[in-house]
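What follows is each chain in one-letter form.
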Amino acid sequence: MADDADVIVVGGGLAGLVAAAEIADAGKRVIVVDQEGEQSLGGQAFWSFGGLFLVDSPEQRRLGIKDSFDLALQDWMGSAGFDRDEDLWPKRWAEAYVAFAAGEKRGWLRAMGHRIFPVVGWAERGGYDAMGHGNSVPRFHVSWGTGPGVVEPFERRARQAQANGRLTFKFRHRVDALSITDGAVDGVSGAILEADPVERGKSSSRKVVGDFTLRAQAVIVASGGIGGNHDLVRQNWPKRLGEAPKNMISGVPEHVDGRMIGITEAAGARLINRDRMWHYVEGIRNWSPIWPRHGIRILPGPSSMWFDATGTRLPSPLFPGSDTLGQLHYIMSTGYDYSWFVLTQSIIKKEFALSGSEQNPDLTGKSWLMTARRTTNKGAPAPVEAFKTHGVDFIVRDNLADLIGAMNALSGDSLLKLEYVKAQIEARDREIENPYVKDTQVMNIHNARKYIGDRLIRTAKPHRILDPLHGPLIAVKLNILTRKTLGGFETDLDSRVFGNDRKIMPGLYAAGEAAGFGGGGMHGYRSLEGTFLGGCLFSGRNAGRAAAKAAG
Ligand SMILES: Cc1cc2nc3c(=O)[nH]c(=O)nc-3n(C[C@H](O)[C@H](O)[C@H](O)COP(=O)(O)OP(=O)(O)OC[C@H]3O[C@@H](n4cnc5c(N)ncnc54)[C@H](O)[C@@H]3O)c2cc1C
């Protein structure tokens, strides 16, 4: 039977698009199969904030940030904490990826028209020792145009290849099985789903109207992770993070269903580190949801006070933006799956950013005029104000007693005692006026303001939380929000998948989140942020180039 293409790519998300563009540009024929409609091309990356981990970039240097491969690798290894036999390939991928981020990543993207917002963000700041978790310096480079700005060059390349006949899209084609002949993966089969004009990101019909079989010399699985499938998230939840949360909201569309991971595993591929995942603790329920249980992650600046469900302040160094999994672990240890930010109007207007392309119309729309308003500090960005007004997790009051009363009513647990919370806020407020400072969060605020980027758009001038001039007071109920799958299919540096017999499975490649962003989990336990899109770029590129080279 003649092949339908040289390579089949399962998934038209970022990893799949990158791989397909590379294959077509190498002169080979490629088919991209996706269960969603054409309107969803780009997958999760379209919705993303477009934050990219880059090392020693011109943007960093312009802001006086001294970064290097060695410092970034130290940070990466401190965060990853590789400690398993299965970490052999993930660790090799990590080293290669940090070199990519310190080397050709920016130039490669730039040559395709990608641009970066000039103020570099500082995510996952850690707070342990120099070998512990976290970014020693700001490294989170926001793409001009956010997620769509990252997808655009690869969609353009793919569309060009489509126009010249080297690339074919098969939308609404859901892969249900891989075919294997004489030990080599050589095709896919599955169901054709009915056409559905549903808006991008919304759940689409699963009604089957036909079936299909496609053959090629190789198949690249780029089907994303499991974050939209809460059953799978709970099933894989690691005991080290406590019990799986009873209530979770979804940071990803429903098509991030993990189904293809099971199908590929059933074909013999080796899935490793499935218990490693990256979920956020600053999730808020979207008042205008697109996908089921739609939640948005707050990208917080350093000043909000953070309380657990019982009203105890989170311990140092678990301040906003420091250590996502440390916070998740602590919150789950309280026996409740939510926590609270308490802040002021002055903090929200300078420090709250929301992760997602649709929540940042200024950056997504590439409007310098709108973006410049972030520095003038006249009010919070409109999407944040909209959440403040309409979001069920936001409470705004003029005094603490009313705030605590409303927080108790919202949670329904009545765990918060006014005097207890007040004592902690007043103690912290006293440290604001103390030039020596023993409160580590207040020290961090002073430290953050030494960085011009934070001072300009991310860190409010230190002030007392209970100072009415900075009011009103705001409380935000924070939910656990599912997002990224850190484990995946074990792959070598060419993205070739290992089988359960520890040998390469001929014809099978994996890229993006399905491959743990490379190797089966190049992040180890933790991420430095902005590393997921980059992981899709790097592993998609490696997979595409290797599969094209191998195709006769
Ligand atoms: C709101 C949001 C903000 C984010 N912000 C950032 C950020 O700032 N920086 C960062 O680095 N990362 C960020 N991320 C993460 C990043 O966007 C994702 O990890 C990445 O885009 C995953 O890409 P992927 O190609 O591996 O998978 P996906 O984008 O999930 O694409 C997989 C595709 O495969 C298809 N598919 C699945 N199964 C099948 C099947 N059986 N048959 C056919 N097709 C199938 C799906 O329909 C989908 O189109 C964010 C994510 C979200 C949702």
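Residues numbered from 1 in each chain as written. Predicted model: local features only at pLDDT ≥ 70, side-chain atom pairs only at ≥ 80, totals over all residues. Heavy atoms only, no water.

Q: Would you explain the packing of helix α15 (residues 400–411) against helix α16 (residues 418–432) in this entry?
A: Between two packed helices, what matters for the description is the angle formed by their axes and the separation of those axes. Look at α15 against α16: their axes get within 10 Å of each other, and the N-to-C directions meet at 125 degrees. Classified by the interaxial angle, the pair formed by α15 and α16 is oblique. You can see that α15 and α16 cross each other, and the crossing is right-handed. Of α16, the residues touching α15 (which contributes L400, A401 and I404) are L418, V421, K422 and I425. Tallied by class, the residues present in the contact of α15 with α16 amount to six nonpolar, no polar and one charged. (Axes fitted to C-alpha atoms, helices over the stretch in contact; angles between N-to-C directions. Helix = DSSP H or I, 4+ residues; strand = E, 2+ residues; numbered from the N terminus. Parallel < 35°, antiparallel > 145°, perpendicular 65-115°, else oblique. Left-handed = near helix turned anticlockwise from the far one by under 90°. Contact = heavy atoms within 4.5 Å. Nonpolar A, V, L, I, M, F, W, Y, C, P; charged D, E, K, R; others polar.)

Q: Honestly, the site of the ligand in this entry has me stumped. Any pointers?
A: In the vicinity of the ligand, 40 residues are found, and the nearest of them are D34, Q44, G51, E513 and L533. Contact between the ligand and L14: an oxygen atom at 3.2 Å from a main-chain N or O atom of the residue. Note that an oxygen atom of the ligand is positioned 3.3 Å from one of the backbone N or O atoms of A45. Within the complex, the protein chains bury 99% of what would otherwise be the 1000 Å² of accessible surface of the ligand. (Near = heavy atom within 4 Å. Polar contact = N/O pair within 3.5 Å; in protein donor to acceptor, adjacent residues only side chain to side chain. Areas by Shrake-Rupley, 256 points an atom, 1.4 Å probe, with all protein chains shown as cover.)

Q: Sorry if this is basic, but what is going on with the sheet that holds strand β20 (residues 496–498) here?
A: Paired through their backbone hydrogen bonds, the strands of a sheet run either parallel or antiparallel. Spatially, the six strands line up as an open sheet ordered β5-β2-β1-β9-β21-β20, and their pairing is mixed. Lying at the two open borders of the sheet, with one neighbouring strand each, are β5 (167–171) and β20. Across the sheet, the axes of successive neighbouring strands diverge by a mean angle of 30 degrees, strand direction being ignored. Judged from the three bridges that link them, strand β9 (residues 218–221) and strand β21 (residues 504–510) form a sheet pairing that is parallel. Looking across to β21, one finds that V221 is bridged to A510. Contacting β1 (7–10), β9 and β21, helix α19 (residues 531–550) runs over the sheet at an angle of about 140 degrees to β21. (Pairing = 2+ DSSP bridges.)

Q: Mind showing me how you'd approach the pattern of salt bridges here?
A: Pairs can form between side chains of opposite charge whenever their charged atoms are close. By the definition in use, this model includes 33 salt bridges. Here R156 makes a salt bridge to E152, at a shortest N to O gap of 3.1 Å. In this pair, R156 and E152 are both assigned in helix α7 (residues 146–163), four residues apart and thus about one turn of the helix distant. A single salt-bridge network, built from bridges that share partners, covers E22, D25, R157 and R545. (Salt bridge = Lys/Arg side-chain N within 4 Å of Asp/Glu carboxyl O.)

Q: What am I meant to see in the packing of aromatic side chains here?
A: Any two aromatic rings considered together are summarised by their centre-to-centre distance and by the angle between their planes. Overall, the coordinates contain 24 aromatic pairs when judged by the stated rule. Consider the rings of Y97 and F538, whose centres lie 6.0 Å apart with planes at 55 degrees: the pair is tilted. One end of the pair, Y97, is in helix α5 (residues 88–102); the other, F538, is in helix α19, and 441 residues separate them in sequence. Accessibility expressed as a relative area gives 7% for F538, which makes it buried. Their ring planes at 70 degrees and their centres at 6.2 Å tell us that Y336 and Y338 sit as a pair that is edge-to-face. Owing to a relative accessible area of 6%, Y338 belongs among the buried residues under this scheme. (Phe/Tyr/Trp six-rings, centres within 6.5 Å; stacked < 30°, edge-to-face > 60°. Buried < 20%, exposed > 50% of the residue type's maximum accessible area, 1.4 Å probe, protein only.)

Q: Please clarify how the nonpolar core should be interpreted in this entry.
A: In a soluble, globular protein the nonpolar side chains are often hidden away together inside. Among the nonpolar cores identified, the biggest contains 139 residues, and W76, I220 and V476 are the most heavily contacted of them. It is α19 that provides the largest number of residues to this core, a total of nine residues. With sequence-adjacent residues up to four places away left out, I220 is seen in contact with V7, I8, V9, V10, A19, I23, Y509, A511, A543, G544 and A547. Listed in part, the 16 residues of the second largest apolar core include I65, F117, F140 and Y451. (Core = buried A, V, L, I, M, F, W, Y, C linked by side-chain atoms within 4.5 Å.)

Q: So what exactly am I meant to see when it comes to helix α17 (residues 440–448) here?
A: For an α-helix the count is 3.6 residues per turn, leaving residues at separations of three or four pointing the same way. The complete set of buried residues in α17 reads Q441, V442, I445 and A448. End-on, the buried residues of α17 take up no more than an arc of 120 degrees, which puts them together on one face. The secondary structure elements touched by the buried residues of α17 are β14 (305–308), α16 and α18 (452–457). Two or three places before Q441, at the opening of α17, D439 has a side-chain oxygen 3.0 Å from that residue's backbone nitrogen. (Arc of directions from axis to C-beta.)

Q: What am I meant to see in the sheet that holds strand β6 (residues 173–181) here?
A: Sheet architecture is open: three strands sit in the order β6-β7-β8, paired in antiparallel fashion. Taken across any chain shown, the strands that pair with only one partner, and hence form the sheet edges, are β6 and β8 (208–215). With strand direction ignored, the average angle separating the axes of adjacent strands in the sheet is 20 degrees. Examined bridge by bridge, β6 and strand β7 (residues 184–193) share eight bridges and lie antiparallel to one another. Bridge pairing in β7 links H173 to I192.

Q: Would you mind showing me how to read the side chain of R106 here?
A: Examined against the element boundaries, R106 turns out to sit in helix α6 (residues 104–111). Look at R106 and you get buried, because its relative accessible area is 18%. Sequence-distant contacts of R106, defined by excluding residues within four places in its chain, comprise L54, S57, P58, E59 and I116.

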